Amino acid sequence: MSVKKTCIMTLKQLKVDQNNKIIPNREVDQPAFDINIRNQKVETVEFCTYLGCDILRDQKPGMEINTRLVKAATAFNMLRSVVCAAVRK
């Protein structure tokens, strides 16, 4: 287990009122974690990359969608000359 690659992230939870309705912009208080592995403290983060996917604490897909669009555009631009040459023939 690599301590450098290990991190802690708690997902954002919003508070609810007595009627079970979500209160906007009010988070449930999360306990502070103090985890040590081999005498090294594990870092607490707001986002991380897991198996190539970006995971954010607030669980919104915006950053992941942007990352995938950039990767797709990069791959397309790398193959553009090959595709254009094949079409010209």
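Data block above holds the structure.
Scoring rules and cut-offs
Residues numbered from 1 in each chain as written. Predicted model: local features only at pLDDT ≥ 70, side-chain atom pairs only at ≥ 80, totals over all residues. Heavy atoms only, no water. Salt bridge = Lys/Arg side-chain N within 4 Å of Asp/Glu carboxyl O. Helix = DSSP H or I, 4+ residues; strand = E, 2+ residues; numbered from the N terminus. Buried < 20%, exposed > 50% of the residue type's maximum accessible area, 1.4 Å probe, protein only. Pairing = 2+ DSSP bridges.

Trainee: Is there a simple way to explain the pattern of salt bridges in this structure?
Mentor: Inspection of every chain in the model, using the stated rule, returns two salt bridges. Arginine 57 is the partner of glutamate 27 in a salt bridge, and the nearest nitrogen-oxygen pair spans 2.8 Å. Of this pair, glutamate 27 sits in strand β3 (residues 22-27) while arginine 57 sits in the loop between β8 (53-56) and α1 (62-88), and the two are 30 residues apart along the sequence. Glutamate 27 sits in the partly exposed class, given a relative accessible area of 31%. Since its relative accessible area comes to 14%, arginine 57 is described here as buried. Measuring nitrogen to oxygen at the nearest pair gives 2.4 Å for the salt bridge that ties glutamate 64 to arginine 68. Highlighted residues: glutamate 64 and arginine 68, both in helix α1, separated by four residues, approximately one helical turn.

Trainee: I tried to follow the pairing of strand β7 (residues 47-50) on my own but got confused; where do I start?
Mentor: The side chains of a regular strand alternate, first on one face of the sheet and then on the other. Sheet analysis places β7 next to β8, joined by four bridges and oriented antiparallel. By the bridge assignment, phenylalanine 47 is partnered in β8 with leucine 56. The antiparallel hairpin formed by β7 and β8 contains two residues in its connecting segment, where leucine 51 sits at a positive phi of about 55°.

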